[in-house]
Amino acid sequence: MSDIDVLQRISQSIGLEFSKDEAHDETRSKRRSWEFIHRSPSYYENEQGNLTSLNLSNLRLDSLPQEIGELRHLRSLRLNGNQISDLADDLFERLLLLEVVALNGNRLQRLPQSIRAIAALQILKLNDNEFSEFPSILHGMASLAGLFIGSNRFTEIPEWLSTLESLEELSIAATPVTAIPASLARLRKLQHLSIARTEIEDLATLAELPELTSLDLRGTRVKKLPELGAWCKKLRSLDISST
């Protein structure tokens, strides 16, 4: 069964109209979208006809069709702005080429065990969910370059965050976090950090981040910055508005 056939089954299961004939129309752009009640999911396929990107954002989904697991060539899966509170434990078992997973604006409290199978995962977006604890399932996922997990309810950043050794961008904005763990200093590749609208006051740990170029402190309780000559020598962008 082709990826287009799978996509047709997915569209039917979530109540979207999809024309298989239109999908194979070579006169149309490789990038296609369709609308159903003002909602526009989209997909992208490569030259072999394999789906590499699927966007099912803003469709008010509370669960995912199991057929998504059959799209083994996916590199990007976007599910933002839905009402998903749980993901099947085996969801990612066959989606081993995924590089980007975007789950912003859902109701998630946990991640499925199978996310650890995605050795290629680089970008994970979990903003605006219901995580009361930092998801420990991410421990040791060294491929992650970008982790966006703001607007959640956890109060602590775990020491093991340093095991995400490829991390270049991190956002924990709009969380009730009060402190930066000393282990964060071991994220030697970290370039962009947002701790905006958190309860963090002490920035001493940041002095150990040699590659930091962008720091967002908007709306924090930070009252004093370390001496600039002693920290973040590559810093190019600093936002301390409303502090």
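One can find the structure itself at the top, above this paragraph.
Here goes a summary of the coordinates provided. (Residues numbered from 1 in each chain as written. Predicted model: local features only at pLDDT ≥ 70, side-chain atom pairs only at ≥ 80, totals over all residues. Heavy atoms only, no water.)

With that settled, consider the overall build of the protein. For the protein, the count of helices and strands is two helices and 11 strands. Moving toward the C terminus, one meets the helices and strands of the protein in the order α-α-β-β-β-β-β-β-β-β-β-β-β. The burial tally for the protein puts 48% of its 243 residues in the buried class. Considering only contacts within the protein whose residues lie at least 6 apart along the sequence, 28% involve residues at least 24 apart. Carbon and sulfur atoms make up 43% of the accessible area of the protein, which amounts to about 12,100 Å² in all. (Helix = DSSP H or I, 4+ residues; strand = E, 2+ residues; numbered from the N terminus. Buried < 20%, exposed > 50% of the residue type's maximum accessible area, 1.4 Å probe, protein only. Contact = heavy atoms within 4.5 Å. Areas by Shrake-Rupley, 256 points an atom, 1.4 Å probe, with all protein chains shown as cover.)

To continue, consider the pattern of salt bridges. Oppositely charged side chains are able to pair whenever their charged atoms sit close together. Scanning the entire structure with this criterion turns up nine salt bridges. Between Arg110 and Asp86 there is a salt bridge, and its shortest N-O distance comes to 3.0 Å. One end of the pair, Arg110, is in the loop between β5 (100-102) and β6 (123-125); the other, Asp86, is in the loop between β4 (76-78) and β5, and 24 residues separate them in sequence. On the basis of relative accessible area, Arg110 is assigned to the partly exposed category, the value being 34%. Overall, Asp86 belongs to the partly exposed group, its relative accessible area being 39%. Of the charged contacts, one joins Glu199 and Arg221 as a salt bridge, the two residues approaching to 2.9 Å between their closest N and O atoms. (Salt bridge = Lys/Arg side-chain N within 4 Å of Asp/Glu carboxyl O.)

To continue, consider the pairing of strand β3 (residues 51-55). For β3, a buried count of four out of five residues is recorded, marking the element as mostly surrounded by other parts of the structure. Pairing of β3 with β4 involves three bridges; the strand directions are parallel. Considered in β4, the bridge of Asn55 is made with Arg78. (Pairing = 2+ DSSP bridges.)

By size, the foremost hydrophobic cluster in this structure holds 64 residues, and its most contacted members are Leu147 and Ile172. Sorting the residues of this core by element identifies α1 (3-13) and β3 as the ones contributing at least two each. At four residues, the largest contribution of residues to this core is made by α1. Once you skip the residues sitting within four places of it in the chain, Leu147 turns out to touch Leu124, Leu126, Phe134, Leu138, Leu161, Leu164, Leu167, Glu169, Leu170 and Ser171. (Core = buried A, V, L, I, M, F, W, Y, C linked by side-chain atoms within 4.5 Å.)

Per the counting criterion, the structure on display carries two aromatic pairs. Measuring from centroid to centroid gives 5.1 Å for Phe134 and Phe154, while their planes differ by 70 degrees, and the two rings are edge-to-face. Separated by 20 residues along the polypeptide, Phe134 in the loop between β6 and β7 (146-148) and Phe154 in the loop between β7 and β8 (169-171) bring together distant segments of the chain. Note on Phe134: relative accessible area 7%, which makes it buried. Centre to centre, the rings of Phe134 and Trp160 are 5.7 Å apart; their planes meet at 75 degrees, and the pair counts as edge-to-face. Placement of the pair is Phe134 in the loop between β6 and β7 and Trp160 in the loop between β7 and β8, with a sequence separation of 26 residues. Summarising the burial analysis for this pair, Phe134 and Trp160 share the class buried. In this structure an aromatic cluster arises from ring pairing among Phe134, Phe154 and Trp160. We note Lys125 situated over the ring of Phe148; from NZ or CZ to the ring centre the distance is 5.6 Å. (Phe/Tyr/Trp six-rings, centres within 6.5 Å; stacked < 30°, edge-to-face > 60°. Lys NZ or Arg CZ within 6 Å of the ring centre and 35° of its normal.)

What follows covers the environment of Ala173. Structurally, Ala173 is set in the loop between β8 and β9 (192-194). By relative accessible area, Ala173 is classed as buried at 9%. The spacing of Ala173 and Ser194 is 21 residues in sequence and 5.8 Å in space, taken between C-alpha atoms. Residue contacts for Ala173: discarding those within four places in its chain leaves Gly150, Ser151, Ser194, Ile195, Ala196, Arg197 and Thr198.

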